[in-house]
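As a plain string of letters, each chain reads:
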Amino acid sequence: MAETLKLSLYDTMTREKREFVPTDPKRVTMYCCGPTVYSYAHIGNARAAVAADVLFRVLRHIYGEDHVEYARNITDIDDKIIVAAKEQGIDISEITTKFAKIYNDDLAALGCLMPTYQPHATEHMDDMVAMIEKLIVDGYAYESEGHVFFDVTKYDDYGKLSGNTLDQLKQGARVGEAEYARKKNAADFVLWKPSKEDDPSWDAPFGAGRPGWHIECSAMIKKTLTSEKYGETIDIHCGGQDLKFPHHENEIAQSNCAHNAPLANYWVHNGFLQMDAEKMSKSLGNVKLIHELLETWDGEVLRFALLSGQYRGELDWTDSLLKQAKNTLDGWYRILEQEGLEFISGNEPEDISLEAPVLSNRANCFLNYLCDDLNTVNVISELSQLKQNLSNGYDNGFDGSSPRIIPFSLKRKWNLLRSFVGTANLLGLLQKDPEEWFRGKAQEGGLTDAEIDGLIADRAQARADKDWGRSDEIRDVFANENIILEDGADGTTWRRG
Ligand code: AMP
Ligand code: ZN
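Treat the numbers as computed from the prediction; the structure is a model and nothing was measured. Within each chain, residue numbers correspond to sequence positions counted from 1 in written order. Ligands are numbered from 1 and chains lettered from A, in the order in which they are written. Residues qualify for local features only when their pLDDT is at least 70, as the model is predicted, and side-chain atom pairs are given and counted only at 80 or more; totals for whole chains, interfaces and linings, by contrast, use all residues. Processing note: side-chain calculations cover all non-hydrogen atoms of the structure and skip hydrogens and water entirely.

Q: Would you mind going over the coordination of the zinc ion (ligand 2) with me for this structure?
A: Between any two of four tetrahedral donors, the ideal angle at the metal is 109.5 degrees; between two of six octahedral donors, it is 90 or 180 degrees. The protein atoms donating to the zinc ion (ligand 2) are Cys-33 (SG), Cys-217 (SG), His-247 (NE2) and Glu-251 (OE), with metal-donor distances spanning 2.1 to 2.3 Å. Shown as donors are all N, O and S atoms within 2.8 Å of a metal ion, widened to 3.2 Å for Na, K and Ca; because water is not in the atom set, sites may appear incomplete. Along the chain, the residues donating to the zinc ion (ligand 2) are arranged with the sequence spacing C-x183-C-x29-H-x3-E. Here Cys-33 is found in the loop between β3 (28-32) and α1 (43-63), whereas its partner His-247 is found in helix α8 (residues 244-259), with 214 residues between them in sequence. Working definition: with a 1.4 Å probe on protein chains only, accessible area under 20% of the residue-type maximum means buried, over 50% means exposed, and in between means partly exposed. Exposure remark for Cys-33: the relative accessible area of 12% places this residue in the buried category. The helix count covers DSSP runs of H or I at least four residues long, the strand count covers runs of E at least two residues long, and both are numbered beginning at the N terminus.

The structure is reproduced here in C-alpha cells:
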C-alpha cells in the first residue's frame, strides 16, 4: 500500500471535498450504475465509466490490486429493452446479450479495466424480492393494485443527496395519472410492478411482475459488495450527475431502511459530456456512439479527450478536442519511440549525479494531482511539460528552487521517463507499442493493415526479382495512401502519415 498518498474526493452528499478513508483498507469497495443494454452506448455514457475506471486504478495503486472490489451492473430488464425486443420480434435476452458484449468491448477499447463484478439484474430477482419483502414487513413499503411502492415519508433523510424536499416534490408531481392514484404520496416510487400480458415476469409473494429500476442497484450492491462480516455500507458509489435524483436518492432510501445503515460513505458524480452546450443524450438526438467513433479514432484518443476535463465539470465534445488529444498522444508516443522501451523498462542505470529530491517531487506531483479529486487536467499538463523537457534534453528546475536548466544525467532521465510512463499508465494511457500506435487507424476505403503488409511483401519480392515497374507501382500506391515506409536493418516498417 502506498501509505503516503492521501486521496480526496468531492462527496455530493456532504457537498465538500473529503479525505477518502475506507472502512477497511484491505477491502475498498466501489459501485457504479451500469448501462441499460438495449442499444449502442454513446461517448457521454463512456465518461461515467472512464471516470470510475480512473478512480478504480488510483485506488488499486494506493491500496493494492487485490484490495479493491468494484461492481458495475448490467440492467437487462427495462421497458426500453422490452419495446426493442417486441419491435424486432426476438427474446429480450438476445438484445441484452448482444449489447452487454458491445458495451464491454467499447469500454475495453477505451482502456477501461473490467470491474471485479458485473452483476446482471435478471440474475438477482430473488435478492430484490427479499429486500422488498423486508421493506414491506418493516413498514417502509406498501402494496397497491399489484404494485409495491416505497413510502418516502418513512425515511427522514429523503432528498438529502439531491437537495429536493418532499414539499418541492409534491408541487412538481404530475397528478391524475394511474400510477399516482395508487400511491400514498406523489413522491413514492415503485419497487415492483405487474408485467403486462406477454412481458417477462418473475414470481413474487406480492404478485408476478418485475422490479423497478432503483431496487436493482440496491439489491446488487448488497449481494456483491456487502455482507454480515463487512457490514452494509460500501465505500464509494459513483455515477453521472443525472442519476442523483431520483435514482440515487431512491437507492439510498430503500437501502438505509432495509439495513439501518448508510448505503455508501462517499458519493462521486461526474459532470455531463456536452455537444454545442447541451447534454449529450439519446433523447436530444445529439449523440456520438462509441463504436462509430472507434472507426476513426484510436480508443486511447477518445479516453485522452475524456480525461482532458476534470470529471466533475462539463466537457464539450468537439472535433478539435479529438485532434488535440491525438496530437498530444503522438508527442508522448514519440518519446517512447525515441527513448526505446527497453531503456525505460530496463534496470536503473548507475549514475551518481542523481538529484533525488527533484525526482521524487516530480513523481509525487503527478500522483498528488491525481489524488486531488482525480485532477487529470493538471496531471496531463505536467506530463506534457515533462515530455517537452525530455524532447529538449534538459529539465527546468522543477522543484522551484531556481529557474536553472538542468541537463539530464542518464539516471535522471531514466527516472523521469519511468515516472512519465508510469503515470500515463495509471491514467490508462500509453498502453500500446509506439510502432502499432503510429500505424494509426485505417480510414474508410483506405488500405487495411493486412493489405499494407501484403503490399510490402510484394514490393520486397518485386525488388528481389528486379521488377522495378511493379516496385514503383507499389511505391505510388503507398504515396497516394500517405503510407510512409521506413527500410531498416530488421526489414520494413510503416506508418500512416
Ligand atoms: P443512461 O444509459 O442514460 O442511464 O446512462 C448511463 C450512464 O451514463 C449514467 O451514469 C449516466 O449518468 C451517464 N451519462 C449519460 N449521458 C451522459 C452525458 N452526456 N455525460 C456524462 N454522463 C452521461
Ligand atoms: Zn444505480
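Q: Looking at this structure, I do not really get the nonpolar core. What am I missing?
A: One recurring pattern in soluble globular proteins is that nonpolar side chains are buried together. Buried residues of nine kinds, namely Ala, Val, Leu, Ile, Met, Phe, Trp, Tyr and Cys, make up a nonpolar core once their side-chain atoms join them within 4.5 Å. Ranked by size, the top nonpolar core spans 78 residues in total, and within it Ile-43, Leu-59, Ile-236, Trp-317 and Trp-332 carry the most contacts. Looking at which element gives the most residues to this core, the answer is α1, with 13 residues. Domain borders in the structure are assigned automatically or taken from a domain database. Inspection of this core shows a minimum of three residues originating in each of domain 1 (19-270) and domain 2 (291-436).

Q: Is there a simple way to think about the sheet that holds β3 in this case?
A: Strand-to-strand pairing in sheets goes through backbone hydrogen bonds, with the strands running parallel or antiparallel. When DSSP finds at least two bridges between two strands, those strands are taken to pair. The 4 strands are arranged β4-β3-β9-β10 in an open sheet whose pairing can be described as parallel. Lying at the two open borders of the sheet, with one neighbouring strand each, are β4 (68-72) and β10 (264-270). When strand polarity is set aside, the average angle formed by the axes of neighbouring strands in this sheet is 20 degrees. Alignment of β3 against β4, held across 5 bridges, turns out to be parallel. Pairing of Cys-32 across the sheet is with Arg-72, part of β4. Relative to the sheet, α8 contacts β9 (234-240) and β10, its axis offset from that of β9 by approximately 160 degrees. In this analysis, axes come from line fits to C-alpha atoms, helices being fitted only over the stretch in contact, and the angle between any two N-to-C directions falls in the range 0 to 180 degrees. Only heavy atoms matter for contacts: two residues are in contact if any of them lie within 4.5 Å across the pair.

Q: Would you mind showing me how to read α1 here?
A: Two residues of an α-helix separated by three or four positions point the same way, owing to the 3.6 residues in each turn. To estimate how far a helix should reach, multiply one less than its number of residues by 1.5 Å. A rise of 1.5 Å per residue sets the reference length of α1, with its 21 residues, at 30 Å; its end C-alpha atoms lie 30 Å apart and thus fit the reference within 8%. α1 sits mainly inside the fold: 18 of its 21 residues count as buried. Following α1 by one or two positions, Gly-64 adopts a phi angle in the positive range, close to 100 degrees.

Q: Sorry if this is basic, but what is going on with the packing of aromatic side chains here?
A: A ring pair, where both rings are aromatic, is described by two values, the distance of the centres and the angle of the planes. Side-chain rings of Phe, Tyr and Trp, where Trp is taken by its six-membered ring, are said to pair if the distance between their centres is within 6.5 Å; with planes under 30 degrees apart they count as stacked, over 60 as edge-to-face, and otherwise as tilted. Counting across every chain of the model gives 10 aromatic pairs. Ring centres of Phe-150 and Phe-189 lie 5.1 Å apart, and the angle between their planes is 20 degrees; this geometry places the pair in the stacked category. Of this pair, Phe-150 sits in strand β6 (residues 147-150) while Phe-189 sits in strand β7 (residues 189-193), and the two are 39 residues apart along the sequence. By relative accessible area, which is 0% here, Phe-150 ends up buried. Since its relative accessible area comes to 6%, Phe-189 is described here as buried.

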